[in-house]
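Here is what each chain is made of, one letter per residue.
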Amino acid sequence: MKRIQITGKSVRKFEDGYPVIALTDLENRQDFDDGAWVQLENHGHFVATAYFAKQHRGAGYVLSLRESDAIDERFFAGKFRAANAKRVAINAQGAYRFFNDVGDGLGGLIVDAYPENIFVFRWQNQALKRQARLIYAGFQKVMGKDVTILSVAPGQEKPQVIAGDLPKDVVTVIEDGVSYPVDLSVARPQLALEFRDVRAWAHDNSQQRRVLNLFSAETGVVTAAMVGGAIEAVTVDPNNRAATLTQAQLTANNFDQAAVEMRTMDVANYLDYAIKHGLTFDTVFINPPAFIRGKKRKFDLTQDLEDLIQQALQVTTSGSTVLITTTAPSYSLKRLRTTVNDAAENYTGHVTVSTTFQSPDDFMTNDADRQSEVLKGIRLSVN
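Residues numbered from 1 in each chain as written. Predicted model: local features only at pLDDT ≥ 70, side-chain atom pairs only at ≥ 80, totals over all residues. Heavy atoms only, no water.

### Here's the deal with the overall build of the protein
Put simply, the rule reads: Secondary structure elements follow DSSP: runs of H or I no shorter than four residues count as helices, runs of E no shorter than two count as strands, and numbering proceeds from the N terminus. Using C-alpha atoms as the atom set, the radius of gyration is obtained and then compared with a globule rule of 2.2 Å times the number of residues to the power 0.38. Between buried and exposed lies partly exposed: a residue is buried under 20% and exposed over 50% of the maximum accessible area for its type, with that area taken using a 1.4 Å probe on protein chains only.
Across its full length, the protein holds ten helices and 21 strands. In summary, the protein has a C-alpha radius of gyration of 22 Å against a globular reference of 21 Å for 383 residues, a match within 12%. Taken along its principal axes, the extent of the C-alpha atoms in the protein is 70 × 45 × 40 Å. Residues classed as buried in the protein amount to 53% of the 383 residues present.

In structure tokens form, the structure reads like this:
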């Protein structure tokens, strides 16, 4: 294993548990070799075993801080054994995050568990996937060989079947008595598991309420709200896929789709329309993407979220609730709170922050890496 020199400044952050390698950590950037397993050292002092990867964030991940650790099947089995023990302890059931990237000590890998003993490996870079044989072997050593393993790599449209059989029909995930059909024959997730607590809140707090959902995608909150007793809902998303998923969920729950108005259009344009026509809602869900380009407008989370919240507040009344969430890694809860407060200052009514939302317990985080928290959310009460 090649030994790579890192800067003195980088030693402390890795020893403190920070898992992501940057090119600036290397004494010589030419040492970067995509997919290489390396030992990081500083002036002859071992710091960590790691791997390099071309990816959207950083240049690789730390694997271990112990020089004696061999990165082999036994090493990966240990990671999965620890992850499984944590999920058993929190009684994770149904569909849940079995393994969460740096939160479980292996940056670059996410494993989601579904009913019928199905596990979907979501590789975050090609570099780690090159070691898939060892990793699958370590997983099966812990979970057994009579499981179904599906693999999804970046850019892949359909999952690869590694073990077991691809389900012939959709898999049904049940939460709070609400059914969510999931087609595992497509690579893209159809139900965002990190929104489980948000769906639970929507189900329990929508009785006799009118709901507006902006950027619905895979959150499932509209279905949860309708089954929970909402009078009607409007869901708006520029993507056709959002309406298709919502329709499938409503059908699975034998629900009349007439009570849900689905609009495939620019969210800001819909809010302009709603404000102009005096429409109001009791509950507003906002879950914007980091960036999206529509036919006439684009949305950039860092630039446009405050304006979007201000627009949304104009379609509320006293007693309304607004829940703003984001899964953008670089958009922290602290930053979200600042944006929400700035938007509320320009609202003519009175707004208070009621609750903050974060990912469920099965979404383990790394305390040294703020970006390892998947979901950040704030609930506002309009008085």
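### Some thoughts on the environment of Arg 81
Looking at the element boundaries, Arg 81 is found in helix α2 (residues 73-89). Taking the C-alpha atoms as reference, Arg 81 lies 35 Å from Glu 27; in sequence the two are 54 residues apart.

### Topic: the nonpolar core
We count it as follows: In plain words, nonpolar cores are sets of buried Ala, Val, Leu, Ile, Met, Phe, Trp, Tyr and Cys residues tied together by side-chain atoms within 4.5 Å. Any pair of residues with heavy atoms lying within 4.5 Å of one another is described as a contacting pair.
In terms of nonpolar packing, the biggest core is built from 35 residues, with Tyr 114, Val 173, Leu 184, Val 198, Met 226 and Phe 285 touching the most fellow members. When contributions to this core are tallied by element, the ones reaching two or more residues are β8 (118-123), β9 (148-152), β11 (171-175), β12 (178-182), α5 (196-204) and α6 (221-227). Looking at which element gives the most residues to this core, the answer is α6, with five residues. If sequence neighbours within four positions are ignored, Val 173 has contacts with Ala 95, Tyr 114, Pro 115, Val 178, Ser 179, Tyr 180, Val 182 and Leu 191. If you look at the next biggest cluster of nonpolar residues, it comprises 34 residues, including Leu 212, Phe 281, Val 351 and Val 382.

### A look at the environment of His 277
Within the secondary structure, His 277 sits in the loop between α8 (267-276) and β16 (281-286). Separated by 98 residues in sequence, His 277 and Leu 375 have C-alpha atoms that sit 33 Å apart.

### Quick look at the UniProt feature "domain: RlmI-like PUA" (unreviewed entry) in the protein
Under the convention used in this document: UniProt positions are given in the numbering used here, feature names are shortened, and annotations may be inferred rather than shown by experiment.
UniProt marks residues 4-64 with the feature "domain: RlmI-like PUA" (unreviewed entry), using the numbering shown here. Along residues 4-64 the backbone is 13% helical and 38% strand, and the end-to-end C-alpha distance reaches 15 Å.

### Description of the sheet that holds strand β6 (residues 96-100)
Going by this rule: Strand pairing is assigned whenever DSSP identifies at least 2 bridges connecting the two strands. Fitting a line to C-alpha atoms yields each axis, with helices limited to the stretch in contact; the angle taken between N-to-C directions then spans 0 to 180 degrees.
Strand order in the open sheet made by the five strands is β6-β7-β8-β9-β10, with mixed pairing throughout. Each of the sheet's edge strands pairs with one partner strand only, and the pair in question is β6 and β10 (160-163). Taken pair by pair, the neighbouring strands of this sheet meet at an average axis angle of 25°, ignoring direction. Sitting on the sheet, α2 touches β6, β7 (109-114) and β8, and the angle it makes with β6 is about 145°.

### Here's the deal with the packing of α8 against helix α9 (residues 301-313)
Quick note on the threshold: When describing relative orientation, an angle under 35 degrees is termed roughly parallel and one over 145 degrees roughly antiparallel, while 65 to 115 degrees is termed roughly perpendicular and anything else oblique. Crossings are sorted by hand: turned counterclockwise from the far helix by less than a right angle, the near helix makes the crossing left-handed, and turned clockwise it makes it right-handed. Gly falls in the polar group here, along with every residue not listed as nonpolar (Ala, Val, Leu, Ile, Met, Phe, Trp, Tyr, Cys, Pro) or charged (Asp, Glu, Lys, Arg).
Axis separation between α8 and α9 bottoms out at 9 Å; the angle between their running directions is 30°. Classified by the interaxial angle, the pair formed by α8 and α9 is roughly parallel. Handedness of the α8/α9 crossing: left-handed. Side by side, α8 and α9 meet where Val 267, Ala 268, Leu 271, Asp 272 and Ile 275 of the first sit next to Leu 308, Gln 311 and Ala 312 of the second. Of the residues belonging to the contact of α8 with α9, the class tally is six nonpolar, one polar and one charged.

### Observations concerning the sheet that holds strand β20 (residues 351-358)
Judged by pairing direction, the sheet is mixed, and its seven strands sit side by side in the order β15-β14-β13-β16-β19-β21-β20 without closing on themselves. Looking along the sheet, the strands with just one partner apiece sit at the ends: β15 (260-264) and β20. Here the strands of the sheet are splayed against their neighbours by 15° on average, with no regard to which way each runs. Relative to strand β21 (residues 376-382), strand β19 (residues 316-326) runs antiparallel, the two sharing six bridges. The residue bridging Thr 325 from the neighbouring strand is Gly 377, located in β21.

### Observations concerning unusual backbone geometry
Positive phi, normally seen in glycine, also occurs at His 43, with a value near 50°. Relative to the assigned elements, His 43 resides in the loop between β3 (37-42) and β4 (45-52). Phi at Asp 176 is positive, roughly 55°, even though this residue is not glycine. Within the element layout of this structure, Asp 176 appears in the loop between β11 and β12. Look at Asp 176 and you get partly exposed, because its relative accessible area is 46%.

### Examining the pattern of salt bridges
Note that side chains of opposite charge can pair when their charged atoms are close. Note the cut-off: We count a salt bridge whenever a side-chain nitrogen from Lys or Arg sits within 4 Å of a carboxyl oxygen from Asp or Glu.
Tallied over the full model, the rule gives 17 salt bridges. Across the salt bridge formed by Asp 25 and Lys 13, the nearest N and O atoms sit 3.0 Å from each other. Taken as a pair, Asp 25 in the loop between β2 (20-21) and β3 and Lys 13 in helix α1 (residues 8-15) lie far apart in primary sequence, twelve residues in all. Its salt-bridge partner being Asp 104, residue Arg 87 comes within 2.8 Å of it at the nearest N-O pair. Placement of Arg 87 in helix α2 and of Asp 104 in the loop between β6 and β7 is noted, with a sequence separation of 17 residues between them. For Arg 87, a relative accessible area of 1% translates into the label buried. A single salt-bridge network, built from bridges that share partners, covers Arg 3, Glu 41 and Glu 67.

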